[in-house]
Amino acid sequence: MAPVSATTTTTWHDLLAGDELAHLATEAAREARTAPLPATLQPAVREALTRGGIHELYAHQAEAYGAARGGGNVIVTTGTASGKTLAFNLPVLDALAADRHARALYLYPTKALAQDQARSLGALGVAAVRAAIYDGDTPTERRRQIRGWANLVLTNPDMLHIGILPRHDLWGDFLHNLRFVVVDEAHVYRGVFGSHVANVLRRLRRLARIYGTEPQFLLASATIANAGELAHALTGQNATVVEDDAAPRAERTVALWNPPLLDAELGLRASALGEASRLLAGLAGRGLRTICFAKSRKSAELIHRFAVDRLDAKTAQRLAPYRAGYTPQQRREIERRLVEGELLGVTSTDALELGIDIGDLDCAISVGFPGTVASLRQQWGRAGRRGHGLAILIASEDALDQYFMREPPALLERRVEAAILDHANPRVLDGHVAAAAFEAPLDGDDAATLGRETLERAPHVPELRQTQHGWVWAGKEAPAARVPLRSTSPDAFLVVDASSGDVLGLAERERAYSTLHEGAVYLHLGRQYLVRELDLEARRALVEPFDGDWYTQAKKETETSIEEPLRVERRLGLELSFGRVSVTEQVVAYQKKAVADGSTLATIPLELPATTFDTEAVWFVPRPHQLDGLEAMPLLLSSLHAAEHSLIALLPLWAMCDRWDIGGLSTNLHLDTGAPTVFVYDGHAGGVGIAARGFDQFEGWVADTAELLAGCPCERGCPSCVQSPKCGNLNEFLDKAGALTLLTRMSNSG
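Residues numbered from 1 in each chain as written. Predicted model: local features only at pLDDT ≥ 70, side-chain atom pairs only at ≥ 80, totals over all residues. Heavy atoms only, no water.

## Comments concerning the packing of aromatic side chains
Moving on, step 1. Under the criterion given, the structure shown has 14 aromatic pairs.
Moving on, step 2. Look at Phe578 and Phe695: their rings are 6.2 Å apart centre to centre, the planes differ by 55°, and that puts the pair in the tilted class. Separated by 117 residues along the polypeptide, Phe578 in strand β28 (residues 574-594) and Phe695 in helix α22 (residues 690-696) bring together distant segments of the chain.
Moving on, step 3. Residue class for Phe695 comes out buried when judged on its relative accessible area of 0%. (Phe/Tyr/Trp six-rings, centres within 6.5 Å; stacked < 30°, edge-to-face > 60°. Helix = DSSP H or I, 4+ residues; strand = E, 2+ residues; numbered from the N terminus. Buried < 20%, exposed > 50% of the residue type's maximum accessible area, 1.4 Å probe, protein only.)

Laid out in structure tokens, this is it:
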């Protein structure tokens with residue numbers, strides 16, 4: 001990436017000035033590399049492409065078509081707006097046009113994406129294609145018609161899991177003729193959700209085989225570090241990786257923007273929302289079409305409101321917010337206005353990050369690092385598809401954001417993260433073993449599709465009985481309905497909006513006590529709710545909408561015990577371990593904190609039961625020379641605690657996860673090791689591979705964390721380095737200097 005030339009003159013040039021500008025660079029334009037339309041294309045498909053103005057393919061689209069035509073599975077992992085949709089559509093449309101019996105199943109993580117793809121397929125106008133959406137919104141009377149008539153069904157993993165696979169007898173003809181399964185936005189399927197979806201896809205493969213077919217899988221993903229591994233983890237089969245992006249790219253200016261520091265010691269900065277509204281208003285006022293991504297509904301609404309206040313009435317009318325909670329009709333209208341150029345600016349949650357077509361924009365602003373480099377690239381990819389674009393990251397006070405402001409290459413030159421999942425986690429797998437047995441008796445032949453782990457778990461799953469035909473379901477109702485795809489816990493707590501009766505979501509028991517205790521401020525899709533009641537017997541939390549200016553943080557006591565080390569290596573001068581641990585947590589109180597400055601308004605005691613769960617962890621015992629000068633208490637504990645926090649803050653850079661997916665514990669004397677020890681563990685029961693990724697990438701992870709601490713301007717620690725929004729000890733006993741000393745010594749031991 002080259003620095004921006006001093007001679008570059010753009011309409012945003014005067015906006016990108018001042019101390020807030022932490023970094024400015026340009027990404028060079030790139031010419032397209034093309035290939036002719038394949039000679040083997042069915043005439044109807046070729047004619048449809050020609051009508052749509054497509055006379056040649058990008059080289060990676062042609063590569064994907066060739067690989068799919070060869071009969072194998074394919075994963076396309078190229079940049080935003082690189083034509084991934086056509087890459088997987090071509091082989092499917094070709095097959096449907098050639099064989100009137102052939103069927104295809106398209107999976108999308110959201111209903112909006114399925115709607116968007118259905119519109120695109122309709123616009124192509126290939127006569128042989130009969131596409132239909134089959135999801136929770138599909139009227140009952142339409143479902144039978146779709147099963148018999150459609151040869152291309154668009155759905156989501158939830159409907160496949162609960163509504164299609166358990167009723168496969170109604171889908172016999174479709175499954176018998178299933179040629180292709182398309183998995184779009186595959187990078188979304190990571191962690192717990194991805195682990196569940198991997199089992200759903202294995203169940204689909206198994207049923208297709210029972211009905212006499214072996215469908216090909218075509219996957220599309222944002223650019224990730226381990227596309228081939230992800231495809232195998234999701235499907236249980238190998239896939240050809242198509243990653244050489246041949247699409248054209250216009251020149252793009254990249255700006256890293258850090259709100260002014262108001263208090264260096266406390267790490268307090270001016271509002272990122274205020275900076276975003278100022279830039280959005282400035283760009284829209286110059287006629288530049290801009291999208292601004294915020295992390296919550298409330299933030300999106302506030303940025304919109306502040307930007308409108310800065311503009312004249314005529315321009316202000318050309319701005320709109322876009323977020324979850326709007327009706328489908330409202331969303332379609334905003335999308336239409338964007339595509340047709342009526343809107344100049346839109347503020348959005350990540351609802352518009354995925355592949356919905358919203359036309360060509362000039363600028364993209366990300367307010368706060370979205371959690372992964374892959375997501376940031378998705379957001380930035382919305383800008384400058386045709387002409388010179390502008391991409392801006394406005395930093396929050398979060399440690400990772402501030403690290404990038406001080407170390408731009410760590411963001412701009414970094415390979416994107418690896419998407420991690422573990423379908424064999426028993427807490428995830430057991431429900432799918434039951435579901436598979438309900439769908440058809442389990443026997444030894446099923447290891448080829450479901451995996452040997454499924455047969456190993458069958459004797460341990462209640463309500464399964466072994467018969468001469470294999471393991472069969474002996475329960476009453478279909479077990480799939482008991483298995484939520486976004487939780488490792490079948491006894492998860494329901495979160496219910498008491499004002500409307502709507503079910504907002506699920507929370508695993510391990511998390512419910514710290515996030516859904518009475519009095520907690522709970523976030524759902526970026527909206528705040530206040531928890532009025534947590535019913536432990538009914539496993540239900542009643543919440544109501546909340547607009548207060550305070551938030552809550554739980555205080556909890558945590559213990560870990562080592563169950564089984566699985567890997568032990570000498571790394572960075574110490575003994576590094578990875579294995580299974582048991583974590584016991586008890587929430588004992590919570591604090592109400594002011595949004596404005598983080599000050600504590602009140603501390604309220606709680607009486608909640610302890611929870612214990614098994615998970616995976618990485619842990620290390622520093623050597624005496626690495627702790628030289630830090631041995632005295634409380635300095636030792638404070639140094640280890642600060643190191644644990646900062647390591648947790650940086651692990652999302654290496655594993656595609658959220659800080660809230662990770663837990664940790666640091667102690668001056670652990671009962672199992674007999675020494676000072678730091679643990680970082682998967683926050684989901686059973687583990688989904690996050691700690692394992694930390695073990696594999698330990699050297700880079702520690703080096704990044706030491707850089708984070710060294711670069712933070714505060715003296716004793718702040719939210720931008722060692723303080724954590726989820727600390728069970730409420731950020732007490734943290735020594736930044738001690739943590740930096742320890743991590744630097746470790747890094748230098750490599």
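## Things to note about the pattern of salt bridges
Moving on, step 1. Counting across every chain of the model gives 23 salt bridges.
Moving on, step 2. The salt bridge involving Arg30 is made with Asp245; its shortest N-O contact spans 3.5 Å. Of this pair, Arg30 sits in the loop between β2 (21-27) and β3 (34-36) while Asp245 sits in the loop between β11 (240-242) and β12 (252-257), and the two are 215 residues apart along the sequence.
Moving on, step 3. On the accessibility criterion, Arg30 (29% relative accessible area) is partly exposed. (Salt bridge = Lys/Arg side-chain N within 4 Å of Asp/Glu carboxyl O.)

## Some words on the environment of Leu121
Moving on, step 1. Residue position: Leu121 is located in helix α4 (residues 111-124).
Moving on, step 2. Its relative accessible area of 6% is what places Leu121 among the buried residues.
Moving on, step 3. C-alpha of Leu121 to C-alpha of Ala131: the two residues are 10 residues apart in sequence and 7.6 Å apart in space.
Moving on, step 4. If near-sequence neighbours (up to four positions away) are discounted, Leu121 is found in contact with Asn89, Leu93, Ala131, Leu152 and Leu154. (Contact = heavy atoms within 4.5 Å.)

## Considering the sheet that holds strand β7 (residues 131-133)
Moving on, step 1. A sheet is described by the order of its strands in space; here seven strands give the open sequence β7-β8-β6-β9-β10-β5-β11, paired in parallel fashion. The open sheet has two edge strands, β7 and β11, and neither has a second partner. Neighbour-to-neighbour, the strand axes of the sheet open up by a mean angle of 15°, direction not taken into account.
Moving on, step 2. Looking at chain direction, strand β6 (residues 103-107) and strand β8 (residues 152-155) are connected through four bridges and run parallel. By the bridge assignment, Ala104 is partnered in β8 with Leu152. (Pairing = 2+ DSSP bridges. Axes fitted to C-alpha atoms, helices over the stretch in contact; angles between N-to-C directions.)

## Examining the side chain of Thr235
Moving on, step 1. Along the polypeptide, Thr235 turns up in helix α9 (residues 227-235).
Moving on, step 2. Each residue touching Thr235, except ones within four places of it in the same chain, is listed here: Leu201, Arg202, Arg205, Phe217 and Leu219.

## Topic: the packing of helix α6 (residues 157-164) against helix α8 (residues 191-210)
Moving on, step 1. Running from N to C, α6 and α8 point in directions that differ by 50°, and their axes come no closer than 10 Å. As far as their axial angle goes, α8 and α6 are oblique. Note on packing geometry: the crossing formed by α6 with α8 is left-handed. Contacts between α6 and α8 involve Pro157, Leu160 and His161 from the former and Phe193, Val197, Val200, Arg203 and Leu204 from the latter. (Parallel < 35°, antiparallel > 145°, perpendicular 65-115°, else oblique. Left-handed = near helix turned anticlockwise from the far one by under 90°.)

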